[in-house]
Each structure stands twice: as structure tokens, then as C-alpha cells.
Amino acid sequence: MQRLLADRADLEERVNLLDPEAVSHAAQLAVTECGQWPAVRDVLLRARDQKRPTLIYGDYDVDGVVATFMLHRWLRAHEVPGNVFLPSRMVHGYGLNREVLGQAIEHGYRTLIAVDCGTANLAELEYATGAGLDLAVLDHHEPKSTLPPVPVLNAHLESSLPPYCSAGLVGAVLDVMRTESGEAAEADEAELMALATIADVVPLVPQNWALAHHGLRALPETANLGLAELIKVASLHGLTRLTARQASFNLVPRLNAVGRMQSPRLMFDLLAAEDEQDARERALQHDRLNDERRQTADQVTRAALLQSTNHGDAAGLVLYGADWHIGVLGIAAARVAEQLGRPAVVLADAPHADGLLSGSARSAAGHNVVAAFEHCAGVLESFGGHALAAGVKLEFGQLEAFRSCFASAIREGQTPGQEPAPALASVSIGEFTEQFEGDVWSLAPFGLGHAAPRCLLTGCRVERASYMGRDKTHLNLLVSDGQRQIRIAGFNQSHLLHQLSPGQPVLPAVEILPDNWNNRCSIMLRLLGLKDHAAPGSNQQ
Ligand SMILES: [Mn+2]
């Protein structure tokens with residue numbers, strides 16, 4: 001295992017962070033070193049100690065809701081009066097909404113903390129400060145060129161902060177506050193932060209990786225009643241360990257579905273559930289809305305892909321359907337971008353904003369979609385987000401202008417050069433010992449910024465090869481070294497089937513991932529490709 005990850009400069013740091021104390025220490029250091037920390041801390045202390053009516057203004061996805069929930073619960077524990085506001089993408093759009101801020105002031109709130117939003121809302125923050133609100137922003141979205149006029153913690157503005165999701169950031173802030181006052185942490189925060197970290201697909205730099213790692217470990221035994229019921233509804237109960245794949249494919253979509261199809265408040269209420277029966281009903285409701293979301297997302301994706309054929313070879317796609325469900329535009333954009341290998345923006349009519357189109361963008365091939373939006377700022381009403389995922393609003397009349405502007409911005413945009421693929425180390429089946437499997441689990445999860453180990457599997461022959469999956473799109477390959485068999489999953493690789501016959505020697509390039517099949521912490525091999533035995537040098541490293 002050490003050999004497979006020999007080129008990782010940060011391996012030692014990750015091994016150190018296997019100790020939760022070290023994670024907490026690093027988090028506290030990251031926060032207290034921020035230039036803006038004293039000012040943010042003052043806002044929190046004033047809210048806590050003066051019991052100022054406080055509104056947490058969050059966001060509608062897992063990260064936004066989890067961050068809001070954690071901060072609100074801390075204030076509640078200190079008997080600070082207040083509430084949360086979780087915007088609906090359909091009604092309130094992207095970021096802080098001026099009308100909502102006005103209502104908050106009317107209702108007598110004296111402190112407002114924006115989490116997972118706010119960095120780019122300069123005018124709204126200005127307005128709320130002018131109206132006498134005490135404000136702070138805890139966010140990780142990209143700032144505009146002008147700094148916000150209120151205390152803000154954001155990794156884009158503070159070099160000491162790792163690229164935490166907002167829940168990770170709130171967790172680190174609470175860690176500092178609690179350490180100062182000698183409070184104990186809440187029992188479920190590790191798993192909440194892990195879900196948000198995985199849901200937001202933030203880079204798995206050591207500190208984010210550690211949040212995901214420890215939280216995944218804690219998840220099966222979570223003290224959070226809502227999460228425990230959600231795990232049952234997703235048929236993941238009884239497993240002693242969960243993989244990041246299970247979290248991101250089975251738990252995150254069920255959580256996100258409610259904010260997309262109905263209201264993010266439902267997710268907040270699930271996390272806050274205080275009795276089992278209530279938690280159970282809420283988890284089932286999440287499941288139903290997730291089914292609805294899935295069907296709707298399939299429909300919109302099909303329609304968007306069909307429309308994309310009208311725009312031939314545009315480097316970046318802008319697709320629009322007046323009645324496409326606004327809650328699944330991000331999912332459709334992600335699928336279109338993935339299938340076509342090009343950044344995609346998927347737009348629909350914004351239901352409560354007259355004449356405006358609203359949509360989501362997802363990147364492909366390393367492009368920065370927010371940078372492309374900046375390039376098109378002249379034809380856009382508003383936009384915000386990250387390099388890989390962003391949201392946008394524009395007038396219907398600007399659609400064609402935006403379409404060509406986005407395509408040319410992507411075409412001219414900097415594409416990071418493809419790094420040469422590193423030579424793969426050779427590994428034989430016999431090396432996959434229990435110790436090896438344990439090492440894979442210790443270094444999981446893998447993902448962006450912390451790629452799973454890869455190797456060439458030498459000395460094996462095909463035992464059996466078959467289709468896998470409903471649509472026969474996947475390949476199920478069983479290989480053997482004569483003593484032991486091992487299964488290799490080839491996702492979307494069923495076209496290789498005709499090259500494989502029993503007894504034939506093969507040289508599969510594979511990625512090694514943790515697997516908990518039959519509730520045993522083992523590994524699974526994901527097929528990257530088949531190397532040619534005949535090619536000179538390809539089978540000897
Ligand atoms: Mn976020």
C-alpha cells in the first residue's frame with residue numbers, strides 16, 4: 001500500500017489526522033489564524049452573551065442545511081432566541097434575498113449569520129448593516145472583487161483555512177468557541193460534517209479527507225435519530241462501516257431531494273427530530289421525494305441531451321426548457337456535462353421572478369464555469385458558485401447572447417494541460433492481504449484531491465466475464481492467479497466483453513476502493529482498462 005501511494009507528499013499528514021484530536025487541533029488553528037476571526041468571534045459572542053434574536057440564513061442543500069443546523073443548535077443550547085431561514089431555490093434564488101432581510105429586520109432580529117451563502121451579496125449585506133443588523137458570513141463560495149462589508153470567514157479570503165465546505169467551517173468555528181468556554185461537542189457532528197463534505201464534493205485535502213473519514217466511521221452508530229432512520233430507509237443499516245460511495249449515492253440524494261422538490265426545511269426537521277417515530281416518518285418522506293426527484297431528473301436530462309444536438313460542437317452548452325423543473329437543473333447539468341465531456345448550463349423559467357431564467361452549470365474537462373460567467377457578466381442578471389458548479393439568472397431576451405458568450409468563454413478559457421499518466425505499479429492478487437485491505441480502509445475515502453490507489457494486476461487469467469446491470473452497460477470480470485479469484489467491476493465497460501475469454505491471460509489496470517459487501521471491510525477493484533500484453537514494456541514496471 002505504501003508503495004502504491006509513494007508519490008503522495010501528504011500521506012504522513014493524513015496518517016497523523018487518523019487521530020481525531022489532531023483534526024480538532026488543526027481545525028482550531030485554521031480558524032484562529034484568520035485575520036477576520038476576531039471580528040467574527042465578536043459577532044458570535046454578542047449573539048450568545050446578549051441573547052440577541054439571531055437569524056441563521058442558510059442554503060437549501062446538504063451542506064447549507066447541515067451548517068445552519070449545527071450553528072442554530074449551538075445558539076439554542078445557549079438559550080439565544082432565533083430561527084433559521086433556508087431559501088428555496090425556486091422562490092428566493094441564489095444567495096441573500098433583500099426582501100427576506102427586510103422581513104428579518106421587521107421581525108426584530110438583531111443578528112444575522114449567513115452560512116453557505118452571502119460572500120458575493122455585497123449590496124444586500126450593505127443594506128442589512130445599514131439597517132442595524134449585526135452580521136457575519138461563514139461561507140466558501142467565490143467572492144467578488146470587492147470584499148464584503150461585514151466580518152467573513154471564507155477560504156477564498158483566508159489563506160489559513162482549508163477548502164472546507166460550510167458545515168466543516170461551522171464545525172471548526174464551534175470547536176474554537178466550545179474549547180474557549182469548556183463546552184462539550186455534540187455527538188453527531190462528525191457524521192454531519194462528513195455528509196456535507198461528501199455532498200459538496202470539496203477537494204479531499206488532508207483536513208477535508210479527515211472530516212469525511214471520521215464521519216463515515218461514526219455514521220452507522222449515529223446518535224442523530226433522523227440520520228439513523230435515513231440509513232434504514234436507504235437499506236444501509238446493519239453495516240459496520242459505510243463507504244463514501246454509499247453516502248453520496250444513497251444518503252445525500254435522499255437529503256437533497258426535499259430541498260429540490262419541496263422545502264429544505266424538511267431536511268432541517270429530519271436532522272432535528274427528537275423522537276424515533278417522527279424521525280421515521282420524516283425519513284420515509286425523504287425517500288418518496290427522492291423517487292419523485294429521480295423521475296423528474298431523468299425527464300429533464302433526456303430533454304436537455306436531445307436539445308444539445310442542436311448546438312453541435314459548442315465548447316460549452318446552454319440548454320433551456322421553459323417548464324423544466326427548477327429543482328433538478330443541477331442534476332441534469334451534471335449528467336449532460338459528464339456524458340458530453342463539455343461544461344453545461346441547464347436553464348428553466350424561474351417561477352417567481354417575472355421573465356427571468358434560472359439555471360445551474362456544471363463543469364467538465366477542468367473548465368471554470370464561474371470564470372466563464374464572469375466573462376458573460378454583461379448579459380447576466382446574477383450568478384454565483386464554484387469553478388465546478390454554479391448558478392445563474394438572466395433575462396429571456398439575453399438567452400442567445402449568453403449562449404454564444406458562454407461557448408466562446410469556455411473555448412478561450414484556460415484548460416489545464418493533461419498531466420502525463422504516471423506509470424502504474426504492478427501488484428499480484430496475492431498481495432491483497434487482510435492487512436492491505438485494512439490499509440485501504442484507513443486511507444479512505446478517496447476522491448478529488450486524494451485519488452484511489454491504482455495498479456496493474458499481474459499474473460492473472462480470465463476466469464469468467466459477463467454483463468452486469470439492468471442495461472448491460474457494466475462488465476463483471478472474474479480473474480484468478482490460479483489460487484485465488486478476484487472480481488473486477490468495469491463500469492460502463494461492457495464493450496470489452498468480446499475481448500475476454502476464459503483462460504486468457506489479462507493485464508487489467510485497476511483502481512482499488514474500499515468495499516463492505518457482506519458487511520466485511522474488504523476492497524473492490526474498478527477496471528480502468530486492459531493493458532496489452534504484447535505492447536513492449538507495458539507489462540514490466
Ligand atoms: Mn456549500
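As the structure is a prediction and not an experimental result, all values here were calculated from the model.

J.: Which residues make up the environment of Pro38, and what values do they have?
T.: Residue placement: Pro38 occurs in helix H3 (residues 37–49). Put simply, Pro38 and Pro151 are 113 residues apart on the chain and 8.8 Å apart in space, counted from C-alpha to C-alpha.

J.: How would you summarise the coordination of the manganese ion if you had to cite specific residues and measurements?
T.: Each donor-metal-donor angle would ideally measure 109.5 degrees in four-coordinate tetrahedral geometry, or 90 or 180 degrees in six-coordinate octahedral geometry. Coordination of the manganese ion by the protein is provided by Asp63 (OD), Asp116 (OD), His140 (NE2) and Asp200 (OD), with metal-donor distances spanning 2.1 to 2.3 Å. Here the donor residues of the manganese ion are spaced in sequence according to D-x52-D-x23-H-x59-D. With a gap of 84 residues between them, Asp116 in the loop between strand E3 (111–115) and helix H7 (122–130) and Asp200 in the loop between helix H9 (189–199) and helix H10 (206–218) connect regions that are remote in the sequence. Since its relative accessible area comes to 1%, Asp116 is described here as buried.

J.: Give me the pattern of salt bridges: which residues, what numbers.
T.: Two side chains with opposite charge may pair up if their charged atoms get near one another. Enumeration over the complete set of coordinates arrives at 21 salt bridges. Residue Lys232 is joined to Glu229 by a salt bridge in which the shortest nitrogen-to-oxygen separation is 3.1 Å. Of this pair, Lys232 and Glu229 both sit in helix H11 (residues 225–233), separated by three residues, roughly a single helical turn. Between Glu511 and Arg454 there is a salt bridge, with the nearest N and O atoms lying 3.2 Å from each other. Of this pair, Glu511 sits in strand E16 (residues 505–515) while Arg454 sits in strand E12 (residues 454–458), placing them 57 residues apart in sequence. The structure contains a network of salt bridges with shared partners spanning Arg73, Arg178, Glu186, Asp188 and Glu189.

J.: Just give me the short version of helix H8 (residues 166–181), but keep the residues and values in it.
T.: Along its 16 residues, H8 runs 23 Å from first to last C-alpha, staying within 8% of the 22 Å computed at 1.5 Å per residue. Of all 16 residues that make up H8, 12 are buried, and the element is covered over most of its length. Taken as a whole, H8 has its buried residues at Ser166, Ala167, Gly168, Leu169, Val170, Gly171, Ala172, Val173, Leu174, Val176, Met177 and Arg178.

J.: Report on the packing of H9 against H10, specifying residues and quantitative values.
T.: H10 packs onto H9 with a crossing angle of 125° between their chain directions and a minimal axis gap of 7 Å. Between H9 and H10, the crossing angle belongs to the class labelled oblique. Here H9 and H10 pass one another in a crossing that is left-handed. Contacts between H9 and H10 involve Ala190, Glu191, Met193, Ala194, Thr197 and Ile198 from the former and Asn208, Leu211, Ala212, Gly215, Leu216 and Ala218 from the latter. Grouping the amino acids of the contact of H9 with H10 by side-chain chemistry returns eight nonpolar, three polar and one charged.

J.: Explain the pairing of strand E14 (residues 474–480) to me, using residue names and the numbers behind them.
T.: Within E14, six of the seven residues are buried, which leaves it mostly tucked inside the rest of the structure. When strand E13 (residues 460–468) meets E14, the two strands line up antiparallel, connected through seven bridges. In the sheet register, Tyr467 faces E14, and the bridge partner there is Leu475. Connecting E13 to the antiparallel partner E14 that follows it, the hairpin turn spans five residues, and Gly469 within it adopts a positive phi of roughly 95°. Examined bridge by bridge, E14 and strand E15 (residues 485–490) share six bridges and lie antiparallel to one another. What sits directly across from Leu477, in E15, is Ile488. The loop that links E14 with its antiparallel partner E15 comprises four residues; one of these, Gly482, has a positive phi angle of about 100°.

J.: I'd love a proper account of the sheet that holds strand E1 (residues 54–57), names of residues and values included.
T.: Taken together, the five strands give an open sheet; going across it, the order is E2-E1-E3-E4-E5, and neighbouring strands pair in parallel fashion. With one partner strand each, in any of the chains shown, strand E2 (82–85) and strand E5 (152–154) form the two edges of the open sheet. Neighbour to neighbour, the strand axes of the sheet diverge by 10° on average, direction disregarded. The sheet contact formed by strand E4 (residues 134–139) and E5 spans three bridges and is parallel. For Asp139, the partnering residue across the bridge sits in E5 and is Asn154.

J.: I'd like to hear about the nonpolar core, residue by residue, with values.
T.: Side chains of nonpolar character tend, in soluble globular proteins, to be buried together. Grouped together as the largest cluster of nonpolar side chains are 95 residues, with contacts concentrated most on Trp37, Leu44, Leu71, Leu138, Leu153 and Leu195. Top contributing element to this core by residue count: helix H4 (residues 62–77), with nine residues. Contact partners of Leu195, with chain neighbours within four places excluded, come to Val62, Leu219, Leu227, Ala247, Leu251, Val252 and Leu255. Judged by nonpolar contacts, the second largest core, of 34 residues, contains Leu4, Val427, Leu475 and Leu525.

J.: Any details on the pairing of E3? Residues and values, ideally.
T.: A regular strand places its side chains on the two faces of the sheet in alternate fashion. Counting buried residues in E3 gives five out of five residues, a clear majority hidden from the surface. Of the two faces of E3, the one lined by Thr111, Ile113 and Val115 and the one lined by Leu112 and Ala114 are each fully buried. As paired strands, E1 and E3 are joined by four bridges and run parallel to one another. Bridge pairing links Thr54 to Thr111 in E3. For E3 and E4, the ladder comprises five bridges, and the chain directions are parallel. Counted as the bridge partner of Ile113 is Ala136 from E4.

The rules behind the values
- Residues numbered from 1 in each chain as written.
- Predicted model: local features only at pLDDT ≥ 70, side-chain atom pairs only at ≥ 80, totals over all residues.
- Heavy atoms only, no water.
- Helix = DSSP H or I, 4+ residues; strand = E, 2+ residues; numbered from the N terminus.
- Donors = N, O, S within 2.8 Å, 3.2 Å for Na, K, Ca; no water.
- Buried < 20%, exposed > 50% of the residue type's maximum accessible area, 1.4 Å probe, protein only.
- Salt bridge = Lys/Arg side-chain N within 4 Å of Asp/Glu carboxyl O.
- Expected span 1.5 Å × (residues − 1).
- Axes fitted to C-alpha atoms, helices over the stretch in contact; angles between N-to-C directions.
- Parallel < 35°, antiparallel > 145°, perpendicular 65-115°, else oblique.
- Left-handed = near helix turned anticlockwise from the far one by under 90°.
- Contact = heavy atoms within 4.5 Å.
- Nonpolar A, V, L, I, M, F, W, Y, C, P; charged D, E, K, R; others polar.
- Pairing = 2+ DSSP bridges.
- Core = buried A, V, L, I, M, F, W, Y, C linked by side-chain atoms within 4.5 Å.

Fair warning: the whole summary comes from geometry, so function is off the table for now.
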